[in-house]
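Secondary and tertiary structure notes
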Amino acid sequence: MEKQNSSEQPDYLKPKKNRTPVFIVITFLLLAAVVFFYYQNQNLEDERARQQKEISNTYLKLDSITSELNIRIQTIKELGGEVDTLEALKAELEADKKQLLVDAEYQRSRITQLNNRVAGYKELLLLKDEEIEQLKVLNEELAEENTTLKVEKNQLNQTVQELEENKKELASKVAFASRLQIEGMQVIAINDRGKEKTGGEYRNRHIEQLKIQFTVIENEIAPIEGKDLLLRVIAPDGNVLFDVTRGSGSFTFENREMFYTAKQEILYDRNSQLVTFLYTKGSEYAIGQHKVEVYTDDYLMGKGSFMVK
C-alpha cells in the first residue's frame, strides 16, 4: 500500500501537454477569416465603385442626349417643323435621369437598358439632323419664293399706285376740263323808266337796277345737271353787296367763307347758254370801280367790272 502510493507523482510534477499547435491553428483560421472578409469587402467596394461609375457615365450620356435634343427641338421649331415626338422623348429622358440618381433598384434594373437605348437615341438625332437639313432646304426655297412674291407684289403695288395716281391725275384733269366758263359779260344800267344804258360807266341816277348778262360756254365733257350760279358784286372798298332779303348768302371757297350777292339756278346741257341776273340795290352805289364775279361748285367761272361816277 505504501509502496503503491510512493510510486504515484504529484500533478505539478507530471509533464505538461504541448498546446502550441492548437493556438497556431486557431490563429491561422482567424487570420484567414480576416483576410477573407477583407477581400470580400474590397470586392464589394470595387463593385460599388464600378456601378457608381457606370451610373455616372450613363447619366452623362443621357444628359448629353437631352442637350442635343434641346438643340434639335429649337432648330426644328424655328424651321416650322413638328416637335411633339421630341418633346415627349425629352420628358421621358428627364424622368429616367431623375430616377437614376435617387432609386437604387431602378439603377440595377434599368442601367443596362438605358445604355442600350443611348445608341438608339443617337440614331434618332442623326435622323433629325437629316430632317433639319430638309427643312432648311425647304425654308430656303420658301424664302426665295417669298422674295419673288414680295418683289412681284411691290411691282404690282407700284403699278397699282401709278395707275391710281394716273387715275387721280386724269380725274383732276377731267374735273378741271369740265369746269364751266363764262364769256361776254355785260353790266347794263337800267334807270327808273326802264331804259337800259351800256358802256360800263354809269352815274347813280342811271342805276335803278343792274342787269348783268353773260354766256356760259359750251363744254362737251361737263355733266348735264343743274348748276347754282353765285354772283358777287364787290364795292370799291372790297365789301360784297349783301342783302339777305334780296337773295344774298354765303358759300365756301378754298376753305374760307365768302358772301355772294345773288344766286340763280340753271340747267346746263353742255350747250352755250345766255344767263341774266337782275339786281336792285335799293340805295346809291359807292363811287368807283365795282368788280363782278361768278362762281359755281366752289370755283370761279369768270369776272367783269363796271364803274360808278
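Above this text you will find the structure in question.
Here's what I pulled together on the structure shown here. (Residues numbered from 1 in each chain as written. Predicted model: local features only at pLDDT ≥ 70, side-chain atom pairs only at ≥ 80, totals over all residues. Heavy atoms only, no water.)

Some details on the side chain of lysine 227
Put simply, the rule reads: By the criteria applied, helices consist of DSSP H or I runs no shorter than four residues and strands consist of E runs no shorter than two, each listed in order from the N terminus. Buried means the residue's accessible area, taken with a 1.4 Å probe over protein chains only, is under 20% of the maximum for its type, while exposed means over 50%, and partly exposed covers the values in between. A 3.5 Å cut-off defines polar contacts: any pair of N or O atoms within that distance qualifies, except that in protein one atom must be a possible hydrogen donor and the other a possible acceptor, and neighbouring residues in sequence count only when both atoms are side-chain atoms. The contact criterion used throughout is that any non-hydrogen atoms of two residues lie within 4.5 Å.
Here lysine 227 shows up in strand β5 (residues 225-234). Assessed through its relative accessible area of 5%, lysine 227 is described here as buried. A distance of 3.0 Å separates the side chain of lysine 227 from the side chain of glutamate 225, its partner in a polar contact. The contact partners of lysine 227, leaving out residues within four places of it in the chain, are Leu180, Gln264, Glu265, Ile266, Tyr268, Thr296, Asp297 and Tyr299.

Comments concerning a negative patch on the surface
Our working definition: Any residue with relative accessible area above 30% and no salt bridge may belong to a patch, with like charges joined within 9 Å and the nonpolar Val, Leu, Ile, Met, Phe, Trp and Tyr side chains within 5 Å. For the accessible areas, the method is Shrake-Rupley and the probe is 1.4 Å, while residue cover comes only from the protein chains on display. Salt bridges are identified by distance alone: a Lys or Arg side-chain nitrogen within 4 Å of an Asp or Glu carboxyl oxygen. Neither His nor the chain ends is counted toward charge; the positive residues are Lys and Arg and the negative residues Asp and Glu. Charge coordinates come from a single atom per side chain, which is NZ of Lys, CZ of Arg, CG of Asp or CD of Glu.
On the surface, Glu140, Glu141, Glu144 and Glu145 cluster together into a patch of negative charge. Following the sequence through the fold, glutamate 141 ends up in helix α4 (residues 104-177).

So, a nonpolar patch on the surface
Taken together, Val22, Ile26 and Leu30 make up a surface patch of nonpolar side chains, about 280 Å² in accessible area. Considering the arrangement of structural elements, one finds leucine 30 in helix α2 (residues 20-78).

Brief notes about the sheet that holds strand β8 (residues 262-268)
Applied cut-off: Strands pair, by our definition, only if DSSP identifies at least two bridges between them.
The mixed open sheet is built from five strands, whose spatial order is β3-β11-β10-β5-β8. In the strand order of this sheet, the two ends are held by β3 (201-202) and β8, each with one partner. Taken together, the five bridges between β5 and strand β10 (residues 288-296) define a ladder with antiparallel strand orientation. Bridging from a neighbouring strand, isoleucine 234 pairs with lysine 291 of β10.

Notes on the pairing of β10
By the criterion of burial, β10 is predominantly enclosed, with seven of the nine residues buried. Strand direction decides the pairing type here: β10 and strand β11 (residues 299-308), joined by nine bridges, are antiparallel. Residue tyrosine 295 lies in a different strand from β11, and its bridge partner there is leucine 300. Adjacent in sequence and paired antiparallel, β10 and β11 are bridged by two residues, among which aspartate 297 carries a positive phi angle near 50°.

Concerning the nonpolar core
Rules: Buried residues of nine kinds, namely Ala, Val, Leu, Ile, Met, Phe, Trp, Tyr and Cys, make up a nonpolar core once their side-chain atoms join them within 4.5 Å.
Core analysis: the largest hydrophobic core is formed by 29 residues, its most contacted members being Ile212, Phe214, Val216, Leu229, Phe277, Met301 and Phe306. Of all the elements in the fold, those that place two or more residues in this core are β1 (182-190), β4 (209-216), β5, β8, β9 (273-279), β10 and β11. Discounting chain neighbours no more than four positions away, the residues touching phenylalanine 306 are Val187, Gly200, Tyr202, Leu210, Val233, Gly288, Gln289, His290 and Val292. Leu62, Ile73, Ile76 and Leu100 belong to the second-largest nonpolar core, a separate cluster that totals 18 residues.

Examining the pattern of salt bridges
Within this structure, the stated rule accounts for 11 salt bridges. The partner of arginine 72 in a salt bridge is glutamate 68, and the shortest N-O contact between them spans 2.2 Å. Of this pair, arginine 72 and glutamate 68 both sit in helix α2, separated by four residues, roughly a single helical turn. Taking relative accessible area as the criterion, glutamate 68 reaches 28% and is therefore assigned partly exposed. When the shortest N-O distance is used, the salt bridge between lysine 309 and glutamate 201 registers 3.8 Å. Remark: glutamate 201 occurs in strand β3 and lysine 309 occurs in the segment after β11; sequence separation between them is 108 residues. Exposure remark for lysine 309: the relative accessible area of 43% places this residue in the partly exposed category. Here glutamate 201 falls in the partly exposed class, since its relative accessible area comes to 43%.

Quick notes on the pairing of strand β6 (residues 249-253)
As a general feature of sheets, a regular strand has side chains that alternate between the two faces. Burial of β6 is one-sided: the residues Gly249, Phe251 and Phe253 facing one way are buried, the residues Ser250 and Thr252 facing the other way are not. Examined bridge by bridge, β6 and strand β7 (residues 256-260) share five bridges and lie antiparallel to one another. Across the sheet, phenylalanine 251 pairs through a bridge with methionine 258, a residue of β7.

Some thoughts on the side chain of glutamate 293
With respect to the element layout, glutamate 293 can be found in strand β10. Judged by its relative accessible area of 13%, glutamate 293 is buried. Of note is the side chain of glutamate 293, whose polar atom sits 3.0 Å from the side chain of tyrosine 295. Contact partners of glutamate 293, with chain neighbours within four places excluded, come to Leu230, Leu231, Arg232, Ile234, Leu300, Gly302 and Lys303.

Examining unusual backbone geometry
Here the phi dihedral of arginine 270 falls at roughly 75°; this positive angle occurs in a residue that is not glycine. Here arginine 270 is to be found in the loop between β8 and β9. Judged by relative accessible area, which is 34%, arginine 270 ranks as partly exposed. In this structure, aspartate 298 takes a positive phi of about 65° despite not being glycine. By secondary structure assignment, the location of aspartate 298 is in the loop between β10 and β11.

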